[in-house]
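A closer look at the structure
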Amino acid sequence: MEIKIPSVGESVFEALVGKWLKLNGEAVRKDEPVCEIETDKITMEINAEADGVLTVLVAEGTTVKIGTVIGIITEGAVAAGAPAPEQPAAPKEAPPLSPAARKIAQERGISPESVQGTGRGGRVTVDDLLKGEGKAAEEAAPSPPSQQPPLFAPATSPAPEPKEQAAERDRITRTPMTPIRKRIAERLLAVRQQTAMLTTFNEADLGRVMELRKKYKEHFQKKHGISLGFMSFFVKACVEALKEFPAVNASIDGDDIVRHHYYHIGIAIGAEKGLVVPVLRDADRLSFAEIETAIAGFVEKITTNRLELSDLQGGTFSISNGGVYGSLLSTPILNPPQSGVLGMHAVQERPVVRDGQIVARPMMYLALSYDHRIIDGREAVGFLKKVKEYVEEPEELFLEG
């Protein structure tokens, strides 16, 4: 039974064989994960479709086309254990050199291992190096003796790498980008080049939200089996603000402005291989519990590499919470073709003025990045102010949800 790279979407043409979860020659069971692959959009696992013994055809780190056979499961075979990997040949021990010979070898780029030493104990002498160099030159360019360069002519071999550069090279690691990371890089660069992105800022007092969470935390957990987090409040607040400022929920397609009469909210989630933005579809129809459950489901899918391409498509607006990493303020970047993204940040006790008094309140900086081509500054500022109002007085949102 062949193991093929599956088709995961019309725009995906190749995948990277990221990791074999089973060894070559190892027994596998039906529905057991055997391989992890990466495309430019998602990471996913391939499961065995039958019991048998695995034969690996494509090595880890290889990029192949969709439909490529990367392995075979031989049904009914008996596992013989993974074949022992071929041991690399032991490097040839460097022959002893005299100080003068070592200097000449370095200056002329001569490998001592390629020279037969005639000194005591097999030591390579200066004469051995010079004879070896002359022999190599004759083999490489068998021209008449009269046309050969003098024995002590400047070496034609490239100069050896300076010790400082060699030492620096040994302190770096170079690895190719994964398909997901390359795709992220391409999209980030495209946003800068193809949109007129601006960012407006505000701050919100999270005191009322925190009070509601504390008051209903235990009841919410018992009733729905999940914790009540900040994100559901912001999803609800953004949906209501998008209804009042529909341009923020729109996108550009060529010379057309596409206005969406639905609210598919992307939730940015950090993963091991990069940021992904799964989409809450028709978020206006979801309750607080349904929002929290859906987000927890996305996190589980990402952790177990079961996120599907359909989970990432169709968003009309996104929310990114850099506060979970401790970010106090940042500029979120657009997720094309969307025209707006809200950035949440860390909650921090700060002094603010309330009724003429300076008091400490749990404050969060908010940032809205938007495409100025279709969203005016007035609309962007109005949208963010509306989000602030809803999270500062969340009772209405909470009761409705």
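Above this text sits the structure in question.
**What to know about the overall build of the protein chain**
- Of the regular secondary structure elements, the protein chain holds nine helices and 19 strands.
- Looking at the protein chain residue by residue over its 401 residues, the buried ones come to 39%.
- The contacts in the protein chain between residues at least 6 apart in sequence include a share of 63% that link residues at least 24 apart.
- Of the accessible surface of the protein chain, which amounts to about 23400 Å², a share of 52% is contributed by carbon and sulfur atoms.

**Section: helix H8 (residues 377-392)**
- Taking 1.5 Å per residue, 16 residues should reach 22 Å; H8 reaches 22 Å between its end C-alpha atoms and fits that length.
- Regarding H8, the residues found buried are Glu379, Ala380, Gly382, Phe383, Leu384, Val387, Lys388, Tyr390, Val391 and Glu392.

**Some words on the sheet that holds strand S4 (residues 33-38)**
- Strand order in the open sheet formed by four strands is S5-S4-S2-S7, and the pairing between neighbours is antiparallel. Two strands lie at the open edges of the sheet, namely strand S5 (43-47) and strand S7 (63-65), each paired on one side alone. On average, adjacent strands in this sheet sit at an angle of 40 degrees to one another, irrespective of strand direction.
- Where strand S2 (residues 14-20) lies against S7, three bridges are found, and the strand directions are antiparallel. Bridging from a neighbouring strand, Ala15 pairs with Val64 of S7.

What counts, and at which threshold
- Residues numbered from 1 in each chain as written.
- Predicted model: local features only at pLDDT ≥ 70, side-chain atom pairs only at ≥ 80, totals over all residues.
- Heavy atoms only, no water.
- Helix = DSSP H or I, 4+ residues; strand = E, 2+ residues; numbered from the N terminus.
- Buried < 20%, exposed > 50% of the residue type's maximum accessible area, 1.4 Å probe, protein only.
- Contact = heavy atoms within 4.5 Å.
- Areas by Shrake-Rupley, 256 points an atom, 1.4 Å probe, with all protein chains shown as cover.
- Expected span 1.5 Å × (residues − 1).
- Pairing = 2+ DSSP bridges.
- Axes fitted to C-alpha atoms, helices over the stretch in contact; angles between N-to-C directions.

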